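Observations on the model geometry
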Number of protein chains: 2
Amino acid sequence: MDRNLRAMAASAGERGLALRPHAKTHKTVEIARRQIELGAAGLTVATVREAEIFADGGAGDIFIAYPVWPSPERARRLRALSERIALRVGIDSVESADALTRAVGPLDVLVEVDSGHHRSGVQPDGAAALTEAAAKAGHRVRGIFTFPGHGYGPGLREQAASDEARALVDADPHAEVRSGGSTPTAGLAGIGPLNEIRPGVYVFNDAQQVELGTCDFDAVALTVAATVVSRTGNRAIVDAGSKILGADRLAWATGFGRLPDFPSARVVALSEHHATIEFADAVPARGDVLRVAPNHVCATVNLADDLVVVSEGREVDRWRVAARGANT
Amino acid sequence: MDRNLRAMAASAGERGLALRPHAKTHKTVEIARRQIELGAAGLTVATVREAEIFADGGAGDIFIAYPVWPSPERARRLRALSERIALRVGIDSVESADALTRAVGPLDVLVEVDSGHHRSGVQPDGAAALTEAAAKAGHRVRGIFTFPGHGYGPGLREQAASDEARALVDADPHAEVRSGGSTPTAGLAGIGPLNEIRPGVYVFNDAQQVELGTCDFDAVALTVAATVVSRTGNRAIVDAGSKILGADRLAWATGFGRLPDFPSARVVALSEHHATIEFADAVPARGDVLRVAPNHVCATVNLADDLVVVSEGREVDRWRVAARGANT
């Protein structure tokens, strides 16, 4: 993990990019502090509750990269946050810009642009109009942002990085903040026009990143310890299921996770407390403890109360997942 | 929920079946108490930690329907549990029977039989030998159990119920306890040879049960409240993603959940904090709050700290999900 944190900080620094890591991956104050010590410009989060928890943990500059809708209760919390830290909020419509002004007041906002993931965000040619409307509504428009989530597929990340850069250039090449960068695209040259990246998963990496080719097993820094409870033929059943690994499985994944110590093994089935693993060679014995890298580490961390911190093979600490379940 | 609890209790009672609900679905002491008040013979759980939490909550008879491997720490906890409640534990191998005797001592055990789900469990013709070995290892073999998980597919539940019954009859028609019964199969006539059922999901139901035809939307008793944060064309984006709905999606599911108030809507994409919903008719407005039934309610409950209890449209209580994250 320390190696991953240092490598991304160095890579962003060498390219003159602000690094604003997405804390939804680790949800852990101790890791956020390390990211900031290594030079992160601030944090990214997905929810108001995450922002509150990391502000409590000492972060002074947080971007909620989400088109937050200010329900009355959330508006009150957003206002309180904006008074104690440097806060940025995503918007993707005139309605949300106006609703934020009415319910919270003027904020620092970034306009979300759709670069091909087709989730939230305006099309690039709509960014100028929304920027103008948001300014008219009283907000300080600090720039534009996008998430190239369509880079989560084999062989797609170069194209996604290029789409990401083009969308931001098309939206506003002179924006003060031009923010993008998923873990698969954050290291690619194609994102040249950006000046800020927001990768999250790079802290730990996971089976998806290995299968996408973003990293190798040596860079996977979080695994689930699973005990073999049953065996049949070339299969072992371990006691880690979807309630700790998460059920995430993109269409191209080889299974429901990977085993760094058994690269040819495949997790062929998953239920709540069982993972069925097929081995090419000898099947581990009942009672053996195996390391399983989840497909999507953000989901796994959100299912854990604590992370066991291991250094040189020994448990050295436990960190609370302070923002676990911080959905609101 | 009250209707679902009463209906299953009545159905089991009419057929002379012991009802031992699987508490992994609700993970909530208040609901376990209602199940027991309505005549449940005891509870089923998946982990030692779940058993501890429900024992703390007053349950006196608990079956861990899982081939528990007694690591030293878990063995100590199993022994403590067996001294304070009526405890039953699943086994599916001579190795685990012997390991339990060595690490914990004699226990009440049930032999797990594979009825077609092909996860854990011995084949039916192997049950007699394991029963004999477990008795020789000092355990009190109380019976046999199976989980017909292969009934989770459209048109498969009648066959799964029949497989379930045949596997238990083939394993031991005279066993004191012949336990089966998932929610899709629990109500079917095919399970005649069983004398105990262990459904879990029936408490709340979910989108999977609706799409399987086990229940209709009126019987879905748990939904996630999600706010529309973005819109485009015939789609709305709501702020409930995999971190509260869970990422479960079986191949035949129409999407990542269903909307009871919009039966023709489909949840076509899911990320951590976004669900993309396609509407056939008018798209709800930004700020509207929609009810989303998750695909797999067990996963959703395990992502929540509390359940908001609603009666006649009003919040009347909050129940803590006491066994959330109780994986060990």
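Residues numbered from 1 in each chain as written. Chains lettered and ligands numbered in written order. Predicted model: local features only at pLDDT ≥ 70, side-chain atom pairs only at ≥ 80, totals over all residues. Heavy atoms only, no water.

Some points on the overall build of chain A
Our working definition: The helix and strand labels rest on DSSP assignments: H or I over at least four residues marks a helix, E over at least two residues marks a strand, and numbering proceeds from the N terminus. Burial status follows relative accessibility: with a 1.4 Å probe on protein chains alone, a residue under 20% of its type maximum counts as buried, one over 50% as exposed, and anything between as partly exposed. By definition, residues are in contact when any of their heavy atoms lie within 4.5 Å. Calculation of accessible area relied on Shrake-Rupley with a 1.4 Å probe; when residues are assessed, cover is drawn exclusively from the protein chains displayed.
When helices and strands are tallied, chain A shows eleven helices and 15 strands. Along the three orthogonal principal directions, the C-alpha set of chain A runs to about 65 × 40 × 35 Å. The 328 residues of chain A split such that 61% are buried. Considering only contacts in chain A between residues 6 or more positions apart, those separated by 24 or more positions represent 64%. Surface accessibility of chain A: about 12200 Å² in total, with carbon and sulfur atoms responsible for 48%.

Let's talk about the sheet that holds strand 6 (residues 140–145) of chain B
Residues and elements named next belong to chain B. Test applied: When DSSP finds two or more bridges between two strands, those strands count as paired.
Strand order in this open sheet of eight strands is 1-8-7-6-5-4-3-2, and the pairing throughout is parallel. A strand with exactly one partner marks an edge of an open sheet, and here the two such strands are strand 1 (18–19) and strand 2 (43–45). As judged from the three bridges shared by strand 6 and strand 7 (residues 177–180), these two strands associate in the parallel manner. Bridge pairing in strand 7 places Ile144 opposite Arg178.

Re the relation of the copies chain B and chain A
Here is the rule: A least-squares superposition brings the copies together, and it is based on the C-alpha atoms of residues with pLDDT no lower than 70 in both.
When chain B is fitted onto chain A, the two copies agree to an RMSD of 0.0 Å after a turn of 180 degrees and an axial shift of 0.0 Å. Interpreted geometrically, this transformation is the action of a two-fold axis. No C-alpha of chain B approaches the rotation axis more nearly than that of Ala247 of chain B, which lies at 2.6 Å. A symmetric contact is evident, with 98% of the interface residues of chain B recurring at the interface of chain A.

Things to note about the packing of helix 3 (residues 48–56) of chain A against helix 4 (residues 72–84) of chain A
Helix-helix packing is characterised by the crossing angle of the two axes and by the distance between the axes. Residues and elements named next belong to chain A. Using the following cut-off: Axes, fitted as lines to C-alpha atoms, cover a helix only where it is in contact. Angles between the N-to-C directions of the axes lie from 0 to 180 degrees. By definition, any crossing whose near helix is turned counterclockwise from its far helix by less than a right angle is left-handed, and any crossing with a clockwise turn is right-handed. Throughout, the ten residues Ala, Val, Leu, Ile, Met, Phe, Trp, Tyr, Cys and Pro are labelled nonpolar, Asp, Glu, Lys and Arg are labelled charged, and all others, Gly among them, are labelled polar.
In the contact formed by helix 3 and helix 4, the axes pass within 10 Å of each other and the chain directions differ by 30 degrees. Seen from above, helix 3 lies across helix 4 with left-handed handedness. Between helix 3 and helix 4, the contacting residues are Val48, Arg49, Ala51, Glu52, Ala55 and Asp56 on the first element and Arg74, Arg77, Leu78, Leu81 and Arg84 on the second. Broken down by class, the residue content of the contact of helix 3 with helix 4 amounts to five nonpolar, no polar and six charged.

With respect to the nonpolar core
The test is simple: The nonpolar core is taken to be a set of buried Ala, Val, Leu, Ile, Met, Phe, Trp, Tyr and Cys residues, with the residues joined through side-chain atoms within 4.5 Å. Each domain's limits were defined by an automated method or a database of domain assignments.
Counting residues in each nonpolar core, the largest one holds 73 residues, and the members touching the most others are Phe54, Ile62, Ile64, Leu78 and Ile197 of chain B. Taken domain by domain, the makeup of this core includes at least three residues from each of domain 1 (2–204) and domain 2 (217–320) of chain B. When near neighbours in sequence (up to four residues on either side) are disregarded, Phe54 of chain B contacts Ala23, His26, Lys27, Thr28, Val29, Ala32, Leu43, Val45, Ala59, Ile62 and Ala323 of chain B. One finds Leu19, Ile64, Ile91 and Val297 of chain A within the second-largest nonpolar core, a separate group that totals 71 residues.

Here's the deal with the UniProt feature "domain: D-serine dehydratase-like" (unreviewed entry) in chain A
We apply this condition: UniProt positions are given in the numbering used here, feature names are shortened, and annotations may be inferred rather than shown by experiment.
In the numbering used here, UniProt assigns the feature "domain: D-serine dehydratase-like" (unreviewed entry) to residues 221–311 of chain A. Overall, residues 221–311 of chain A shows 10% helix and 35% strand. The separation of its end C-alpha atoms is 11 Å.

A closer look at unusual backbone geometry
For Glu312 of chain A, which is not glycine, the phi dihedral falls at a positive 50 degrees. The residue Glu312 of chain A is located in the loop between strand 14 (306–311) and strand 15 (314–320) in this model. We classify Glu312 of chain A as exposed; its relative accessible area is 84%. Despite not being glycine, Asn205 of chain B has its phi angle at roughly 60 degrees, a positive value. Secondary-structure assignment places Asn205 of chain B in the loop between strand 8 (196–197) and helix 9 (207–212).

Considerations on the domain arrangement of chain A
All names here are of chain A. Put simply, the test is: The buried area of a pairing is the accessible area, by a 1.4 Å probe, that goes missing from both parts when the two are put together, added over both.
What the domain assignment reports for chain A is domain 1 (2–204) and domain 2 (217–320). Taking only C-alpha atoms, the centre of domain 1 and the centre of domain 2 are 31 Å apart. With 16 residues of domain 1 at the contact, the number on the domain 2 side is 14 residues. Both sides of the domain 1 and domain 2 interface together cover about 1200 Å² of buried area, and 66% of this is carbon and sulfur.

What about the interface of chain B and chain A?
Heads up, the condition is: Two N or O atoms form a polar contact when they lie within 3.5 Å of each other; inside protein one atom must be a possible hydrogen donor and the other a possible acceptor, and for residues adjacent in sequence the pair counts only when both atoms belong to side chains.
Residue-level contacts link 42 residues of chain B with 41 residues of chain A. Carbon and sulfur atoms make up 49% of the surface buried where chain B meets chain A, a total of about 3700 Å² over both sides. Taken together, the links from chain B to chain A amount to 23 residue pairs in polar contact (both at pLDDT 80 or more). Put simply, the parts of the chain that give the side of chain B that touches chain A at least two residues each are strand 3 (61–67), strand 9 (224–232), strand 10 (235–238) and helix 10 (242–245) of chain B. When residues in the side of chain B that touches chain A are grouped by element, the largest group, five residues, is from strand 9 of chain B. A per-class count over the side of chain B that touches chain A returns twelve nonpolar, 15 polar and 15 charged.

Some thoughts on the environment of Asp218 of chain A
Here Asp218 of chain A lies in the loop between helix 9 (207–212) and strand 9 (224–232). The spacing of Asp218 of chain A and Ala9 of chain A is 209 residues in sequence and 18 Å in space, taken between C-alpha atoms.

Looking at the sheet that holds strand 9 of chain A
Residues and elements named next belong to chain A. If you trace the five strands from one edge of the open sheet to the other, you get 11-12-10-9-13, paired in antiparallel fashion. Among the strands making up the open sheet, the edge pair consists of strand 11 (266–270) and strand 13 (289–292). Direction aside, the axes of adjacent strands within the sheet are offset by 40 degrees on average. Bridge count for strand 9 against strand 10 (residues 235–238) is four bridges, and the pairing is antiparallel.

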